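Chain by chain, the residues:
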Amino acid sequence: MDTGLENLPEFSFERDPAAPFDPPPQRMRWLREEGLPRVRLWNEKPAWVVTRYADQRVLQSRQCLSADDRHANYPYFSAGLAAGGVRTLITMDGDEHSEHRGRFREAFSARRMRRLAPRIEAIVTSALDAMEEQGPPCDLVTAFALPVPSRVICELLGVPYEDHAFFEQAAAEITDATSGPQTARAAWQRLGAYLADLADAKAEKPENDLMSELARNLASGRVSREECANDSILLLLGGHETTANMITLGTGMLLQHPEALAQVRHGGPETVAAAVDELARLLSVAQGGRRRVATTDIEISGSLIRAGDAVILAADAANRDPDAFEDPDELKIDRQARHHLGFGHGAHRCLGETLGRMELEAALPALLRRFPTLRLDRPLEELRFRTDLMIYGLFEMPVTW
């Protein structure tokens, strides 16, 4: 039977190797022209791709899409994640999502994050000291971009940083689109067992960290051991993966734009904050889109999305929508881009947004001020970009000064 699916274009999130700091020009032009294209996923199932900024704001503000991955047509990012079968707050809806998210609201509140600011600055300084002591050249990923957010989230959670190699490897296997179901599931289970054991230890000897709070919830029966492990994995992965890649890519993009780099190096807090938003908009490192299923018929942009249809909210396309951002493909440090969708919108807006902003606003100018002659130690075209992972980034970024 001809379903017509073979005539749908295949959805791809991969970037152009010739323009690694930009989304693929050909795909972006096609997405803009189509507005609301229907595509074929890796598992041959169809999905709508919402590309326009205004449409995404509307859909994420209304209760017409479900994040629950138990829906039959849920548009999984990869086979590995499809086999996971785990419940976290990012795949919950309504009251369940609100209750679950509420467990962490105080831990990630703006008030608590402000108290964390001096510690973030100290961690940044320590990493820069180590870079300077080591001397050039070095890999910016392993020397700075990854250690800074990893140390911050470890201290916030109460996870021993000396185990960072273990959880960073597990994170890579979980988020790699090429990981098979067994590999991704095994990595999640290893990480979950480690964090559940840590929660048991925190129950015996609680400290002033989030893992101790999760341990109290576990001891009181408020959450199961599996929920405790899954929540911890989500926070640990979300707390370092995106920010680490934003530090690396943000630095790389600024090195390609000397005038913008100078603005960040010499700018005050308001300039740096605007730069962080502009980089987050332009880079859109969460490259797979937010995955949803329609819970009711939706008429939008001249098309009808039926209840049960798979939907992908492509933030990279929305963040370059010319109707929302003038000259959207250009880096403009003084652009007021705080309304971008890099952190999402609505009920599922990123829980760690404030933390991520603070880390980037501390790390980028400090790096550029400490090493004013910072530059790539290898041609851009020789760098290996993370095109097969949910979060776009670089495997390594050799720099010198």
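Above this text sits the structure in question.
Residues numbered from 1 in each chain as written. Predicted model: local features only at pLDDT ≥ 70, side-chain atom pairs only at ≥ 80, totals over all residues. Heavy atoms only, no water.

J.: Could you clarify how one ought to interpret the nonpolar core in this entry?
T.: Nonpolar side chains tend to gather and get buried jointly when the protein is soluble and globular. Counting 85 residues, the largest nonpolar core has Phe-108, Met-131, Phe-144, Val-159, Leu-191, Leu-254 and Leu-355 as its most contacted members. With twelve residues, helix α11 (residues 225–255) is the largest single contributor of residues to this core. Setting aside chain neighbours within four positions, we find Leu-355 in contact with Phe-108, Met-113, Leu-116, Ile-120, Val-152, Ile-153 and Leu-156. Counting residues in hydrophobic clusters, the runner-up holds twelve residues, among them Leu-36, Cys-64, Ala-294 and Ile-298. (Core = buried A, V, L, I, M, F, W, Y, C linked by side-chain atoms within 4.5 Å. Buried < 20%, exposed > 50% of the residue type's maximum accessible area, 1.4 Å probe, protein only. Helix = DSSP H or I, 4+ residues; strand = E, 2+ residues; numbered from the N terminus. Contact = heavy atoms within 4.5 Å.)

J.: So what exactly am I meant to see when it comes to the packing of helix α9 (residues 181–204) against helix α10 (residues 210–219) here?
T.: The geometry of a pair of packed helices is captured by two quantities: the angle between their axes and the separation between those axes. Where α9 contacts α10, the two axes come as close as 8 Å, and the packing angle between them is 85 degrees. Classed by the angle they form, the pair α9 and α10 counts as roughly perpendicular. Across from Leu-195, Leu-198, Ala-199, Asp-200, Lys-202 and Ala-203 in α9, the residues of α10 making contact are Met-211, Ser-212, Ala-215 and Leu-218. (Axes fitted to C-alpha atoms, helices over the stretch in contact; angles between N-to-C directions. Parallel < 35°, antiparallel > 145°, perpendicular 65-115°, else oblique.)

J.: Would you explain the packing of aromatic side chains in this entry?
T.: One pass over the full model with this rule turns up five aromatic pairs. One Lys or Arg, Arg-281, reaches over the ring of Phe-325 and ends 5.1 Å from the middle of that ring. (Phe/Tyr/Trp six-rings, centres within 6.5 Å; stacked < 30°, edge-to-face > 60°. Lys NZ or Arg CZ within 6 Å of the ring centre and 35° of its normal.)

J.: What's the story with the sheet that holds strand β10 (residues 398–400) in this structure? I'm lost.
T.: Two orientations exist for strands paired in a sheet by backbone hydrogen bonds: parallel and antiparallel. Ordered by their spatial adjacency, three strands build an open sheet running β4-β10-β9, and the pairing between neighbours is antiparallel. Whereas interior strands pair on both sides, the edge strands pair on one side only; in this sheet they are β4 (138–139) and β9 (375–376). Taken together, the two bridges between β9 and β10 define a ladder with antiparallel strand orientation. The partner of Arg-375 across the bridge, within β10, is Thr-400. (Pairing = 2+ DSSP bridges.)

J.: How do you make sense of the pairing of strand β2 (residues 46–50) when you look at a structure like this?
T.: The side chains of a regular strand alternate, residue by residue, between the two faces of the sheet. Most of β2 is tucked away: four of the five residues are buried. Relative to β2, strand β1 (residues 38–40) is paired through three bridges, and the arrangement is antiparallel. Along β2, the bridge assignment pairs Arg-38 with Trp-48. The turn joining β1 and β2, which pair antiparallel and follow one another in sequence, is formed by five residues; a positive phi near 75 degrees is taken by Glu-44. In this structure, β2 lies alongside strand β8 (residues 310–313), joined through three bridges in parallel fashion. Each bridged residue has a counterpart across the sheet, and for Val-50 the counterpart in β8 is Leu-313.

J.: Whenever I open this one, helix α7 (residues 147–157) confuses me. Can you help?
T.: Residues spaced three or four apart along an α-helix face the same direction, because each turn holds 3.6 residues. Among the eleven residues of α7, nine are classified as buried, and the element is accordingly described as predominantly covered. Within α7, the full set of buried residues consists of Pro-147, Val-148, Pro-149, Ser-150, Val-152, Ile-153, Cys-154, Leu-156 and Leu-157. Here the buried face of α7 lies against α5 (110–134), α6 (140–145), α8 (164–175), α10, α11 and α15 (353–370). A positive backbone phi angle near 95 degrees is found at Gly-158, which sits one or two residues after α7.

J.: Help me understand the side chain of Arg-292, please; the structure alone is not making it clear to me.
T.: Secondary-structure assignment places Arg-292 in strand β5 (residues 290–294). Despite being buried, Arg-292 has no salt bridge partner; Asp-93 is the closest side chain of opposite charge, sitting 6.4 Å away. The contact partners of Arg-292, leaving out residues within four places of it in the chain, are Leu-65, Ser-66, Ala-67, Pro-75, Asp-309, Ala-310, Val-311, Leu-313 and His-348. (Lys, Arg positive; Asp, Glu negative; His and termini not counted. Salt bridge = Lys/Arg side-chain N within 4 Å of Asp/Glu carboxyl O.)

J.: Just checking my understanding: could you explain α15 for this structure?
T.: Taking 1.5 Å of rise per residue, 18 residues should cover 26 Å, and α15 covers 26 Å from first to last C-alpha, within 8% of that figure. Of all the 18 residues making up α15, 13 are buried; the element is thus mostly covered by neighbouring parts of the structure. (Expected span 1.5 Å × (residues − 1).)

J.: Got a minute to help me understand the layout of surface pockets in this structure?
T.: A volume near 400 Å³ is recorded for the largest pocket. Elements that contribute at least two residues to the lining of the largest pocket include exactly α6, α8 and α11. Along its surface, the second largest pocket is lined by 20 residues, and Arg-62, Gln-63, Leu-65, Ala-347 and His-348 are the ones closest to its centre. Only α2 (53–61), β3 (65–66) and α4 (94–102) provide two or more residues apiece to the lining of the second largest pocket. (1 Å grid on protein atoms, 1.4 Å probe; cavity = no way out; pocket = protein on both sides within 12 Å on 5 of 7 lines; lining within 4 Å. Points joined across faces, edges and corners; volume = space filled by probe spheres on them.)

J.: What is the right way to read the pairing of β8 from this model?
T.: Where burial is concerned, the two faces of β8 agree: the one with Ala-310 and Ile-312 and the one with Val-311 and Leu-313 are both buried. As judged from the four bridges shared by β5 and β8, these two strands associate in the antiparallel manner. Looking at the pairing, Arg-290 lines up with Leu-313 of β8.

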